[in-house]
Each structure stands twice: as structure tokens, then as C-alpha cells.
Amino acid sequence: MTDLNELMGSPFVRVKLVAFVHFFFISNAMLGSWGHGAYEFYNFLFLISMFWSIHSKDSIEAIQTALVINASSIFFDIVSISLHFGLMNGWAVAFSIINLILRPVSVALLYKEFNTRGGTLPTGSVFPTSQQRSYQDIDRPTQPTPTNSQPGPNVASIF
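Residues numbered from 1 in each chain as written. Predicted model: local features only at pLDDT ≥ 70, side-chain atom pairs only at ≥ 80, totals over all residues. Heavy atoms only, no water.

Student: Help me understand the packing of aromatic side chains, please; the structure alone is not making it clear to me.
Tutor: Each aromatic ring pair is characterised by the separation of its centres together with the angle its planes make. Counted under the stated rule, the structure contains eight aromatic pairs. An angle of 50° between the planes, with centres 4.7 Å apart, marks the rings of Trp 91 and Phe 95 as tilted. Of the two residues, Trp 91 and Phe 95 are both situated in helix α5 (residues 90-116); the distance of four residues between them amounts to about one turn of the helix. A relative accessible area of 47% places Trp 91 in the partly exposed class. (Phe/Tyr/Trp six-rings, centres within 6.5 Å; stacked < 30°, edge-to-face > 60°. Helix = DSSP H or I, 4+ residues; strand = E, 2+ residues; numbered from the N terminus. Buried < 20%, exposed > 50% of the residue type's maximum accessible area, 1.4 Å probe, protein only.)

Student: Would you take a moment to explain the packing of helix α4 (residues 60-84) against α5 for this structure?
Tutor: When two helices pack together, their arrangement is given by the angle between the helix axes and the distance between those axes. At a minimum axis distance of 9 Å, the contact between α4 and α5 shows a crossing angle of 155°. Classified by the angle between their axes, α4 and α5 sit roughly antiparallel to one another. Relative to α5, α4 is oriented so that their crossing is left-handed. Seen from α4, the contacting residues are Ile 60, Ile 63, Gln 64, Ala 66, Leu 67, Asn 70, Ala 71, Ser 73, Ile 74, Asp 77, Ile 78 and Ile 81; seen from α5, they are Ser 96, Ile 97, Asn 99, Leu 100, Arg 103, Pro 104, Ser 106, Val 107, Leu 110, Tyr 111, Glu 113 and Phe 114. Among the residues making up the contact of α4 with α5, the classes are represented as 15 nonpolar, six polar and three charged. (Axes fitted to C-alpha atoms, helices over the stretch in contact; angles between N-to-C directions. Parallel < 35°, antiparallel > 145°, perpendicular 65-115°, else oblique. Left-handed = near helix turned anticlockwise from the far one by under 90°. Contact = heavy atoms within 4.5 Å. Nonpolar A, V, L, I, M, F, W, Y, C, P; charged D, E, K, R; others polar.)

Student: Sorry, what's going on with α5 here?
Tutor: Taking 1.5 Å as the rise per residue, α5 with 27 residues should run 39 Å; its terminal C-alpha atoms sit 39 Å apart, in good agreement. Of all the bends found along α5, the most pronounced is centred on Arg 103 and spans about 35°, while Pro 104, a proline, follows it within four residues. Downstream of α5 by a residue or two, Gly 118 has a phi angle that is positive, lying close to 100°. (Expected span 1.5 Å × (residues − 1). Bend = angle between axes of the 7 residues up to and from the residue.)

Shown next, in the form of C-alpha cells:
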């Protein structure tokens, strides 16, 4: 049991596990004919954001995007399953329901990974604050600080 806790404590294993499990269940759920394309669309976005999170191991934005899409997918799954329950085959419905049941667990794992990468969410906000950004804001260049030294010789007055 200690090995499992140690394994789940590893950030790279958490993200890869969430991506693989959801990939498996989403792929099987899509074997049915959903018809409207919404289920496929938001799950495709979620899987892309998970692959981005795996690729960008230090990116707060990548894991935050996956976290927000996964959390909102709980609502979208409920709507999609309830609207198309009678129209789907049992295989697709079973895997989509299992995927829905696993989403809160994966939200918790992604939130743990988000905190591990240094992300914090202020209360009521889903967007990162300026303290979380690790890049220089090039839209507001810094001005050089003036010094009290005498200006150098005027090159035009020498000639």
C-alpha cells in the first residue's frame, strides 16, 4: 500500500494515470453514436489539455486548463448522458457513466498536481493571478532608471 501512495505522490504518474484512464473510458464511450458532437468535442479538448500537461511538466496553465475542462465536464456529462440515454447502446452508456463517476477523483488529482506545480486559485477565480506568471510581460517594457551622472560629450559638436 505504501508503494501505491508513493506512486500516486509522483506528479508525472498522476497526470499520466488521469490521461490514460480517461482516454480508455472516453474511447469506449465514443463507440456509440452520440449524434450531436458535443460529447466528443469537450472530451477531445480535455484529452488535448492532458497531453499538453504531460508535455509541459512545469506549466501551471496547462494543468489548470485540464482541471477547468475536467471540472466543467462533470456538468456536460450529466447533460449529455441524460439527453441521449435512450438513444445509445449499453456499451457506450456504461463507459460514459463510469467516466463520469471517475471525474471527481481525477479533478482532485489534477488539483493536487496544480498545487504541486505552484498554482494557487484565489477564492472565486479560475484564472491565474499575476504572481503565478513566470514570464516577463513584454507589453509593458520597463524604462531605464535615470542616473545623476553628467552626459557624455556631444558627438556632433566634436566635428
